[in-house]
Each structure stands twice: as C-alpha cells, then as structure tokens.
Amino acid sequence: GNSVTQMEGPVTLSEEAFLTINCTYTATGYPSLFWYVQYPGEGLQLLLKATKADDKGSNKGFEATYRKETTSFHLEKGSVQVSDSAVYFCALSDRSTGNQFYFGTGTSLTVIP
Amino acid sequence: NAGVTQTPKFQVLKTGQSMTLQCAQDMNHNSMYWYRQDPGMGLRLIYYSASEGTTDKGEVPNGYNVSRLNKREFSLRLESAAPSQTSVYFCASSEPSARIQYFGPGTRLLVL
C-alpha cells in the first residue's frame, strides 16, 4: 500500500542554520510527492511538489528532490528564519488509488533567533 | 476568492451530542475531503467525495457521516459525539488533474 514516513520531531534550530527533514515513501504506482506547511492555528498550505523521478520542487528557499532509487523526498533549506517555524508534512498522491493523499505524521520546526 | 472555508472554528460538545461541521469551496473543484489531525498521528482521512453525488470512506470513518450537498459544499456529521472524537478537523478540496489539495483553516472540536 501507500505510506509516508517522516522524521520525528520536534526540531529546534538557530536562525541561519541548515535544515533537513527526512521523508521516505512506499507507493504502489507512480506517485506525486508534496511538502505541506502548517503555521500555528492555520490549515495546511502547499510548499512544493514534484511529479516524477528526479524532479526538484522548490519554493521560498526550500527544496526537495524526488529520488525513486531511495524512495525519498527530503526537505532542505540552506538558511532558516524565525518565520519558518511551523509543522511540515510530507505527502504523496497516487493515481492508482484514486488520487487520495497520504500524509506523514508531521515534523515540528522551531527556529530561535 | 475565499478558497476553502469551514464553520465553526471551535466547538465544545458533551458526550452523546450531535453536530455538523460545514465546509465550502469556491474553486469549482470536483473532489472534497475530510481529515482529522491528532498529535503524533498526522492527518487521517475520514471521508472523501470524488465528485458531486458520490462519497467514500477513508481510513477512519466510524462515528461519522458526510453529505455532499452540491459541488461547493461537503458536510461532516457526528451523530453521537465521543471523547475520542476530540480533534482538529480539516476540510480540503482538489482538482484531480492538478493533484494539489487546498485546505480550510480547521475546526477544533472538544468532546467532554
């Protein structure tokens, strides 16, 4: 079946530090992969996506590369800011299962000045 | 363009009470979803509607019912609330061709 496993949190970093949040997936078909971000008290927002192997999604300084050989989609940012403090969710959508979304458990990030 | 809206934002219920969570989207999307979010569990799909007139169970449907009233609206009903249903509920919509889900702001439900 389909599933997403992401790095346990919480993660606390100093401003300007490098961020990596690990995500691996299991899928029966050819999924699209996503990172969503949830700011305190809000719903989830799409951060970036990749629809096929070797695609790189990027937005707001965040990047993730779709690695089919390692079934991974790790989120990275070179220099985090206090405003990046949020919960990050890795997700996949697979046409073979009716475009349902499968979410990881979320990783809480706190950036301190 | 409001996107996905949900009402109410917060609700407190007593065990056994019923309530309906409302969701509406103005993006003309065919598909709509209800999730619950619990600490350490991520988002779990309760029900979804691939198109107007159809609904299907997700991962955790027990204790819930849904109605796809029209293309815009998708409601979630708790017939007899239980403390285990204390959670944050999110509605989402999507267009399958785009494969992106858009989320509402959530409803925080506390069942005493």
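Above this text is the structure in question.
Visitor: Honestly, unusual backbone geometry in this entry has me stumped. Any pointers?
Guide: Trans is the prevailing form of peptide bonds, just as negative phi is the prevailing case for residues other than glycine. Note the cis peptide between Gly9(A) and Pro10(A), where omega equals -10 degrees. Structurally, Pro10(A) can be placed in the loop between strand S1 (3-6) and strand S2 (11-14). Of the consecutive residues Thr7(B) and Pro8(B), the connecting peptide bond is found in the cis state with omega at -5 degrees. Among the structural elements, Pro8(B) can be located in the loop between strand S1 (4-7) and strand S2 (10-13). A positive phi angle is found at Lys60(A), which is not glycine, with a value near 55 degrees. Judged by its relative accessible area of 52%, Lys60(A) is exposed.

Visitor: I tried to follow the sheet that holds strand S8 (residues 62-65) of chain A on my own but got confused; where do I start?
Guide: All names here are of chain A. Taking strand neighbours across the sheet as the criterion, the four strands line up as S3-S9-S8-S7 in an open arrangement whose pairing is antiparallel. If you trace the sheet from one side to the other, it starts and ends with strand S3 (19-21) and strand S7 (56-59), each paired once. Within this sheet the neighbouring strands show an average axis-to-axis angle of 15 degrees, counted without direction.

Visitor: Got a minute to help me understand the pattern of salt bridges in this structure?
Guide: Oppositely charged side chains are able to pair whenever their charged atoms sit close together. This structure, assessed with the given rule, holds six salt bridges over all chains. Linking Glu63(A) and Lys56(A) is a salt bridge whose minimum nitrogen-to-oxygen distance equals 3.7 Å. Between Arg44(B) and Asp38(B) there is a salt bridge; the shortest N-O distance is 2.9 Å. Shared partners join several salt bridges into a network, and the residues in it are Arg36(B), Asp38(B) and Arg44(B).

Visitor: Mind showing me how you'd approach the layout of surface pockets here?
Guide: Rolled over the atoms, a probe with the dimensions of a water molecule shows which regions are left empty. Reported here for the largest pocket is a volume of approximately 320 Å³. For the lining of the largest pocket, the secondary-structure elements that each account for two or more residues are strand S10 (86-93) of chain A together with strand S4 (31-38), strand S9 (87-95) and strand S11 (107-111) of chain B. Along the lines of polarity and charge, the residues of the lining of the largest pocket split into nine nonpolar, 10 polar and four charged. Here the second largest pocket defines a volume of roughly 230 Å³. Tyr102(A), Phe103(A), Leu43(B), Arg44(B) and Glu59(B) are the residues nearest the centre of the second largest pocket, which is lined by 14 residues in total.

Visitor: Looking at this structure, I do not really get the side chain of Ser72(A). What am I missing?
Guide: Residues and elements named next belong to chain A. Relative to the assigned elements, Ser72 resides in the loop between S8 and strand S9 (75-77). Owing to a relative accessible area of 3%, Ser72 belongs among the buried residues under this scheme. At a separation of 2.8 Å, a polar atom in the side chain of Ser72 contacts the side chain of Thr70.

Visitor: Would you mind going over the interface of chain A and chain B with me for this structure?
Guide: For interface size, the figure often reported is the accessible area lost on association. Counting residues at the interface gives 22 residues for chain A and 20 residues for chain B. Interface of chain A and chain B: buried area, both sides summed, is about 1,600 Å²; carbon and sulfur atoms make up 52% of it. The interface formed by chain A and chain B holds two residue pairs in polar contact (both at pLDDT 80 or more) in total. Among the secondary structure elements, those contributing two or more residues to the side of chain A that touches chain B are strand S5 (32-38), strand S6 (44-50), S10 and strand S11 (101-103) of chain A. Considering each element in turn, the side of chain A that touches chain B owes the most residues, four residues, to S5(A).

Visitor: Looking at this structure, I do not really get the sheet that holds S1(B). What am I missing?
Guide: Picture the strands of a sheet paired through backbone hydrogen bonds; they go either parallel or antiparallel. All names here are of chain B. Taken in spatial order, the four strands make up an open sheet running S1-S3-S8-S7, and their pairing is antiparallel. Both edges of this open sheet fall to S1 and strand S7 (64-68), since each of them pairs with a single strand only. For this sheet, the mean angle separating the axes of adjacent strands, direction not counted, is 20 degrees. Alignment of S7 against strand S8 (residues 74-78), held across five bridges, turns out to be antiparallel. If you follow Asn65 over to S8, its bridge partner there is Arg77.

Visitor: Help me out: how do you make sense of the pairing of strand S5 (residues 42-49) of chain B in this one?
Guide: All names here are of chain B. Taken across its eight residues, S5 has eight buried, putting it largely inside the fold. As consecutive antiparallel partners, S4 and S5 are separated by three residues, and within that stretch Gly40 has a phi angle of approximately 75 degrees, a positive value. Where S5 folds back on strand S6 (residues 56-57), the antiparallel hairpin that results is connected by six residues, among which Gly53 adopts a positive phi of roughly 95 degrees.

Visitor: Would you mind going over the state of the cysteines with me for this structure?
Guide: Two cysteines whose sulfur atoms are joined by a covalent bond form what is called a disulfide. Applying the stated criterion to the full structure yields two disulfides over all chains. Across the disulfide from Cys23(A) sits Cys90(A); the S-S distance is 1.9 Å. Torsion about the S-S bond of the Cys23(A) and Cys90(A) cystine: about -70 degrees, corresponding to left-handed handedness. One end of the pair, Cys23(A), is in strand S4 (residues 23-26); the other, Cys90(A), is in strand S10, and 67 residues separate them in sequence. Like Cys23(A), the residue Cys90(A) is buried in the burial classification. The disulfide partner of Cys23(B) is Cys91(B), and the S-S distance across this bridge is 1.9 Å. The chirality of the disulfide connecting Cys23(B) with Cys91(B) is left-handed, given an S-S dihedral of about -75 degrees. Residue Cys23(B) is located in strand S3 (residues 19-25), and its partner Cys91(B) is located in strand S9; the two are separated by 68 residues in the primary sequence. Of the residues examined, Cys23(B) reaches a relative accessible area of 3% and is grouped as buried.

Calculation notes
Residues numbered from 1 in each chain as written. Chains lettered and ligands numbered in written order. Predicted model: local features only at pLDDT ≥ 70, side-chain atom pairs only at ≥ 80, totals over all residues. Heavy atoms only, no water. Helix = DSSP H or I, 4+ residues; strand = E, 2+ residues; numbered from the N terminus. Buried < 20%, exposed > 50% of the residue type's maximum accessible area, 1.4 Å probe, protein only. Pairing = 2+ DSSP bridges. Axes fitted to C-alpha atoms, helices over the stretch in contact; angles between N-to-C directions. Salt bridge = Lys/Arg side-chain N within 4 Å of Asp/Glu carboxyl O. 1 Å grid on protein atoms, 1.4 Å probe; cavity = no way out; pocket = protein on both sides within 12 Å on 5 of 7 lines; lining within 4 Å. Points joined across faces, edges and corners; volume = space filled by probe spheres on them. Nonpolar A, V, L, I, M, F, W, Y, C, P; charged D, E, K, R; others polar. Polar contact = N/O pair within 3.5 Å; in protein donor to acceptor, adjacent residues only side chain to side chain. Contact = heavy atoms within 4.5 Å. Buried area = accessible area lost by both parts, 1.4 Å probe. Disulfide = S-S within 2.5 Å.

Just distances and angles here, no functional claims.
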